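Take a look at the letters that make up each chain.
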Amino acid sequence: MSGDGVLRHQPLHDGFVAAQGQREGIAEAIERYFGPVDFVYHEFGSHLVSVHVYVIAPTEERPYRTLITSGMSGR
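**Comments concerning the sheet that holds strand E3 (residues 66-70)**
Strand order in the open sheet made by the 3 strands is E1-E2-E3, with antiparallel pairing throughout. Of all the strands in the sheet, just strand E1 (37-43) and E3 have a single pairing partner and so form its edges. The mean inter-strand angle of the sheet, taken between neighbouring strand axes irrespective of direction, is 20 degrees. Summarising the sheet, E1 and strand E2 (residues 51-56) pair through 6 bridges and their orientation is antiparallel. Of the residues in E2, the one forming a bridge with His 42 is His 52.

**Looking at the environment of Ser 50**
Counting through the fold element by element, Ser 50 comes out in the loop between E1 and E2. Of the residues examined, Ser 50 reaches a relative accessible area of 23% and is grouped as partly exposed. The spatial distance from the C-alpha of Ser 50 to the C-alpha of Ser 73 is 9.7 Å, given a sequence separation of 23 residues. Non-local contacts of Ser 50, meaning those with residues more than four positions away in its chain, are made with Glu 43, Phe 44, Ser 70 and Gly 71. One polar contact links Ser 50 to His 52, side chain to side chain, over a distance of 3.3 Å.

Rules of the game
- The residue numbering used here restarts from 1 in each chain and proceeds along that chain's sequence as written.
- Per-residue local features are limited, in this predicted model, to residues with pLDDT of at least 70; the limit for side-chain atom pairs, both in listing and counting, is 80 or more; totals at the level of whole chains, interfaces and linings are taken over all residues.
- The basis for every side-chain value is the complete set of heavy atoms in the structure, and neither hydrogens nor water enter the calculation.
- Only strands joined by at least two bridges in the DSSP assignment are considered to pair.
- Helix and strand definitions follow DSSP, with helices as H or I runs of at least four residues and strands as E runs of at least two, each counted in order from the N terminus.
- Helix axes are fitted to C-alpha atoms over the stretch in contact, other axes to C-alpha atoms as well, and angles between N-to-C directions run from 0 to 180 degrees.
- Relative accessibility under 20% of the residue-type maximum defines a buried residue, over 50% an exposed one, and the middle range a partly exposed one, all with a 1.4 Å probe and only protein chains included.
- Contact between two residues is taken to exist if any of their heavy atoms lie within 4.5 Å; hydrogens are not considered.
- Nitrogen and oxygen atoms within 3.5 Å of one another constitute a polar contact, given that in protein one can donate a hydrogen and the other can accept it, and given that sequence-neighbouring residues count only through two side-chain atoms.

Okay, structure coming up:
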């Protein structure tokens, strides 16, 4: 067998690097307008963007849990 049929992995990275250090500013803005962030779900599976879901607990004025996403427009 000559190896001509071997498939080689090609990296998908196209040189894009997501901005760093903006998560703190986003959390501050969310807390200013919606209240304290209970916790954040982080998705790091993509090599291009990382998606974050900020969870804000219910309040008397807003009697439901609020979910806010960030990172999807990072590209």
